[in-house]
Amino acid sequence: QVRLAESGGSLVQSGGSLRLSCAASESITNIYNMAWFRQPPGSRRALLASITSTGTTYYADSIKGRFTISRDNAENTVYLQMNDLKPEDTAVYYCAQKNRDAVLYSSWGQGTQVTVSS
C-alpha cells in the first residue's frame, strides 16, 4: 500500500555524479527490502541495488563500486548515490519495496529519467 516517488534524475555528463531520492508515503522502517531498478531504452527493468531493514545491501555487478544505496528511516526516504556515471547508465530509474515472505517487488513509483552524455 505504500506509495513511492522517485526524484533527482537529470542530464549529466559522463564521469559526473547524481543523487536519486525515493520518498515513501509512510514509514519504511519495517519494510523488509527497499530497492532501486532501472530500465534502459528498449530494455527490461533490472535490479541495481537493495537494502534490507537491517542494513544489508546488494549491488549488481554493473554498478558495484560506483553506486551506493542508503536509507533514512526518519525521513522515509531511500537514496541512490551515483558516481562516475557512464552513457550506459542512461535509463529510467525506479524504486520499489518487498515485504517479508514476498517474492516480488511492488509499489513502483513513476520513475525518474537519468541521461548521461558522452
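Before reading further, recall that the structure is shown in the block above.
Parameters and conventions
- Residues numbered from 1 in each chain as written.
- Predicted model: local features only at pLDDT ≥ 70, side-chain atom pairs only at ≥ 80, totals over all residues.
- Heavy atoms only, no water.
- Pairing = 2+ DSSP bridges.
- Helix = DSSP H or I, 4+ residues; strand = E, 2+ residues; numbered from the N terminus.
- Axes fitted to C-alpha atoms, helices over the stretch in contact; angles between N-to-C directions.
- Buried < 20%, exposed > 50% of the residue type's maximum accessible area, 1.4 Å probe, protein only.

**Student:** Hey, could you run me through the sheet that holds strand S9 (residues 91-98) in this one?
**Tutor:** Pairing between the strands of a sheet comes from backbone hydrogen bonds, and it takes one of two forms, parallel or antiparallel. Spatial strand order, S2-S10-S9-S4-S5-S6: six strands in an open sheet with mixed pairing. Either end of the sheet is taken by a strand with one partner, and the two such strands are strand S2 (11-13) and strand S6 (57-59). Averaged over all neighbouring strand pairs, the angle between strand axes comes to 25°, with direction disregarded. Across three bridges, the pairing between strand S5 (residues 46-52) and S6 is antiparallel. For Ala49, the partnering residue across the bridge sits in S6 and is Tyr59.

**Student:** Where do I start with the pairing of strand S10 (residues 112-117) in this structure?
**Tutor:** Taken residue by residue, a regular strand's side chains alternate between the two faces of the sheet. Of the two faces of S10, only the one carrying Thr112, Val114 and Val116 is buried; Gln113, Thr115 and Ser117 on the other face are not. Here S2 runs beside S10; their pairing, made up of three bridges, is parallel. Bridge pairing in S10 links Val12 to Val116.

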